[in-house]
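The chain contents come next:
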Amino acid sequence: MMFLNFLIMLSAFLFMEGVAWFTHKYVMHGKLWNLHEDHHVHQNRMFQKNDFFALFFAVPGWLGIMLGMLYAINFLVFVGFGITFYGIAYFVVHDIFIHQRFRIFSKSDNFYLRAIRKAHKVHHKHLNKDGAECFGMLLVPFKYFKAEWQSGKMRASNV
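Description of the structure in this document.

Thresholds, definitions, all that
- Residues numbered from 1 in each chain as written.
- Predicted model: local features only at pLDDT ≥ 70, side-chain atom pairs only at ≥ 80, totals over all residues.
- Heavy atoms only, no water.
- Helix = DSSP H or I, 4+ residues; strand = E, 2+ residues; numbered from the N terminus.
- Expected span 1.5 Å × (residues − 1).
- Polar contact = N/O pair within 3.5 Å; in protein donor to acceptor, adjacent residues only side chain to side chain.
- Core = buried A, V, L, I, M, F, W, Y, C linked by side-chain atoms within 4.5 Å.
- Buried < 20%, exposed > 50% of the residue type's maximum accessible area, 1.4 Å probe, protein only.
- Contact = heavy atoms within 4.5 Å.
- Phe/Tyr/Trp six-rings, centres within 6.5 Å; stacked < 30°, edge-to-face > 60°.
- Salt bridge = Lys/Arg side-chain N within 4 Å of Asp/Glu carboxyl O.

**A few points about helix 5 (residues 111-124)**
For the α-helix, the turn length of 3.6 residues means that residues three or four positions removed from each other point alike. Taking 1.5 Å as the rise per residue, helix 5 with 14 residues should run 20 Å; its terminal C-alpha atoms sit 20 Å apart, in good agreement. At the N-terminal boundary of helix 5, the capping side chain belongs to N110, with an oxygen 2.8 Å from the backbone nitrogen of Y112.

Structure below.
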């Protein structure tokens, strides 16, 4: 039973990458651009209107955990935890690692993390809602992974 609960949680976590990609591309760069726009403009503010999306994504996780526990529906509890863990991963990768809202994890030389950072920089080179690419967070186009892998191999051979 514990393994099944883990699979449910992992599935919800992975599903959230698709939800985040879809929401980023079609909602944040669509009808709700007015909330997301300040994220594409460099500012020295701790909070942005874009941060409201964290609440938008937190509600389903919270509801899953709360309703699952209230009505003893284990499936919902672990879906809620999967969504919540994705939110935590998003915060750590996007806000801390990529945007350096807190100055930690800034010197990583891991090719996977470099690829994620590069894809996000490509996304942010567009200051308006049209023309952007790379809407994912943990899964980005393969070309960025390949380029960073090759870049790391080149650096290692020059040492």
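Read on for the rest.
**Overview of the nonpolar core**
In a soluble, globular protein the nonpolar side chains are often hidden away together inside. With 15 residues, the main nonpolar core has F13, V79, Y86, V93, I98, M137 and L138 as its most contacted residues. For this core, the secondary structure elements donating two or more residues are helix 1 (2-31) and helix 4 (74-98). Per-element accounting of this core gives the leading share, seven residues, to helix 4. Contacts of V93, omitting those with residues within four sequence positions, involve I98, I116, M137 and L138. By size, the runner-up hydrophobic cluster in this structure holds seven residues, among which are V122, C134, Y144 and F145.

**Remarks on the packing of aromatic side chains**
Overall, the coordinates contain ten aromatic pairs when judged by the stated rule. Relative to F81, the ring of F78 has its centre 6.3 Å away and its plane inclined at 55°; by these criteria the two rings are tilted. Of the two residues, F78 and F81 are both situated in helix 4; the distance of three residues between them amounts to about one turn of the helix. F81 gets classed as partly exposed once you look at its relative accessible area, which sits at 27%. The interplanar angle of 0° and the centroid separation of 5.4 Å between the aromatic rings of Y112 and F145 together place this pair among those described as stacked. Placement of Y112 in helix 5 and of F145 in helix 6 (residues 142-157) is noted, with a sequence separation of 33 residues between them. Using a relative accessible area of 30% as the deciding quantity, one classes Y112 as partly exposed. Relative accessible area serves as the criterion here: at 13%, F145 is assigned to the buried category. Here the aromatic cluster, defined as three or more aromatic residues joined through ring pairs, consists of F13, Y86 and Y90.

**Remarks on the environment of E148**
As for its placement among the helices and strands, E148 is situated in helix 6. What makes E148 buried here is its relative accessible area of 15%. Separated by 16 residues in the primary sequence, E148 and A132 have C-alpha atoms spaced 21 Å apart. Once residues within four sequence positions are removed from consideration, E148 is found in contact with F111, R114, A115 and K118.

**Thoughts on the pattern of salt bridges**
Per the stated rule, a full pass over the model turns up five salt bridges. With its nearest N and O atoms 2.8 Å apart, the salt bridge here joins R114 to E148. With R114 in helix 5 and E148 in helix 6, this pair connects stretches of sequence that are 34 residues apart.

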